[in-house]
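# Observations on the model geometry
In case you want the letters, here they are:
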Amino acid sequence: MRGSIISALSALSALSALSCREKARPPQEFSGSTAFAYIQSQVAFGSRVPGSPAHEKMGNWLDSLLHARADTLLVQSWNHVTGKGDTLRLRNFLARFSPGAEKRLLFLAHWDSRPVSDSPTSRDSSHAVMGANDGGSGVALLLGLADVLKRTPSTVGVDLLFVDGEDYGDFTKSPNDVLIGSRYYGAHQAPGPKPLYAVLFDLIADKDLQIYQEGNSLVGAPEVVELVWDTAKDLGYAGYFIASPRHTLIDDHLELQKAGIRAIDVVDFDYPAWHTQYDTIDKVSASSLQVVGDVAVELIRREGRD
């Protein structure tokens, strides 16, 4: 009898271990704490408004970091004349990993911050937005991915695109003065095959992280939305990536969709500090960056396994 019980317990233990192995998450390659430090570095420059010294310093910082991490770095520089006649010196940075691979993914974020705090909830629109979350979090995520890919290269090609001039003008009154960098990239894409899909990361470090499916993403690339949210669910993050629509947004992914790229927006738009002077470092979280970073890494590794 004792032997039978021991055998049964051993069998149950083996089944339990197998079950744990089957449900185990992939090794955690992304560092949320390192990504958080990248936000701290950005806000230390001040508001990264095009035309400002902080914007110039931030661009040079990105150039230096990406040169040290990417296999190839493509810098797009151009002058944009606004509707008011101001000339802005803008730069996109495209960090390429495994640039010769035919199978490619594109991840992007904007690196500028907004010149005015014009949210309906803002008490004083004269302040520039610090952009810890709006701009800072997406950049931090991409830099964290660059660290991962530098340490452990991917068999699939990955392009990390840092676009400029997303948040400069009025989205209603001066549409040519927003989404400037993504529009420029859409007209001047990197040589080689188009990416399988593109994911825009914006406002993804909110301490209260709730990422709903965005409306224009569901219209323009529903299969990519499904892939990203299924990946999050597989990692146990369904409580953060909520599989239902809430907001429909004008964002950089639309300019890529117009250029023939299957692009979606991963964004937590329920962020009270959006477009206010209160979008500061105390509103963002390393743990939220960890969640989104894990999903992004798994998207890359999944394509490499297929």
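Check the entry above for the structure.
All values reported here derive from a predicted model rather than from experimental measurement. (Residues numbered from 1 in each chain as written. Predicted model: local features only at pLDDT ≥ 70, side-chain atom pairs only at ≥ 80, totals over all residues. Heavy atoms only, no water.)

### Details of the packing of aromatic side chains
Operational definition: Only centres within 6.5 Å qualify two rings of Phe, Tyr or Trp (six-membered ring in Trp) as a pair; their planes then separate them into stacked at under 30 degrees, edge-to-face at over 60, and tilted for everything else. Under the DSSP-based scheme used, a helix requires at least four consecutive residues in state H or I and a strand at least two consecutive residues in state E, with every element numbered from the N terminus. Classification of residues uses two cut-offs on accessible area relative to the type maximum, computed with a 1.4 Å probe and protein chains only: under 20% is buried, over 50% is exposed, and between them is partly exposed. Should the NZ of a Lys or the CZ of an Arg lie within 6 Å of a ring centre and within 35 degrees of the ring normal, that charge is described as sitting over the ring.
According to the stated counting rule, one finds 8 aromatic pairs in the structure shown. Where tryptophan 78 meets tyrosine 184, the ring centres are 4.0 Å apart and the plane angle is 10 degrees; that geometry is what we call stacked. Residue tryptophan 78 is found in strand S1 (residues 72-81), and its partner tyrosine 184 is found in helix H5 (residues 180-187); the two are separated by 106 residues along the sequence. Take tryptophan 78: its relative accessible area is 11%, and that puts it in the buried class. Connected via pairs of aromatic rings, a cluster forms that spans Tyr38, Phe45 and Trp61. The ring of tyrosine 212 carries arginine 246 above its face, with NZ or CZ at 3.9 Å from the centroid.

### Thoughts on empty space enclosed by the protein
Selection criterion: Cavity: a set of points on a 1 Å grid over the protein atoms alone where a 1.4 Å probe fits but cannot get out. Pocket: an open set with protein on both sides within 12 Å along at least five of seven lines, its lining residues, like those of a cavity, having an atom within 4 Å of a point. Grid points are joined across faces, edges and corners, and a volume is the space filled by probe spheres set on the points. Here the term charged refers only to Asp, Glu, Lys and Arg, the term nonpolar to Ala, Val, Leu, Ile, Met, Phe, Trp, Tyr, Cys and Pro, and the term polar to all other amino acids, Gly among them.
Inspection of every chain in the model, using the stated rule, returns 1 cavity of 30 Å³ or more. The space that makes up the largest cavity amounts to roughly 40 Å³. Lining the largest cavity, in full, are Gln210, Tyr212, Gln213, Glu214, His247, Val267, Asp268, Phe269 and Asp270. Each residue belonging to the lining of the largest cavity can be placed in one class, and the counts come to 3 nonpolar, 3 polar and 3 charged.

### Topic: the layout of surface pockets
What the largest pocket holds in volume is close to 330 Å³. Lining of the largest pocket is provided by 19 residues; of these, Phe171, Ile250, Phe269, Trp274 and His275 occupy positions nearest its centre. Partitioned by chemical class, the residues of the lining of the largest pocket number 8 nonpolar, 3 polar and 8 charged. Estimated volume of the second largest pocket: approximately 270 Å³. Of the residues contributing to the lining of the second largest pocket, the split by class is 3 nonpolar, 3 polar and 6 charged.

### Quick notes on the environment of valine 81
What counts here: Two residues qualify as a contact provided that any one of their heavy atoms is within 4.5 Å of a heavy atom in the partner residue.
Note that valine 81 resides in strand S1. With 27 residues separating them along the chain, valine 81 and alanine 54 place their C-alpha atoms 20 Å apart. Beyond its immediate chain neighbours, meaning those up to four positions away, valine 81 contacts Asp86, Thr87 and Asp177.

### Some details on the pairing of strand S2 (residues 87-97)
Here is the rule we go by: One requirement defines pairing of two strands: DSSP has to find at least two bridges between them.
Summarising burial for S2: 9 of the 11 residues are buried, a large majority. As paired strands, S1 and S2 are joined by 10 bridges and run antiparallel to one another. Bridging from a neighbouring strand, valine 81 pairs with threonine 87 of S2. Between S1 and S2, which follow one another and run antiparallel, lie 5 residues, and glycine 85 among them has a positive phi close to 95 degrees. Bridge analysis of S2 against strand S4 (residues 157-163) gives 5 bridges, and the strand direction is antiparallel. Following the sheet pairing, phenylalanine 97 is matched in S4 by valine 158.

Bear in mind that shape data such as this cannot, by itself, settle questions of function.
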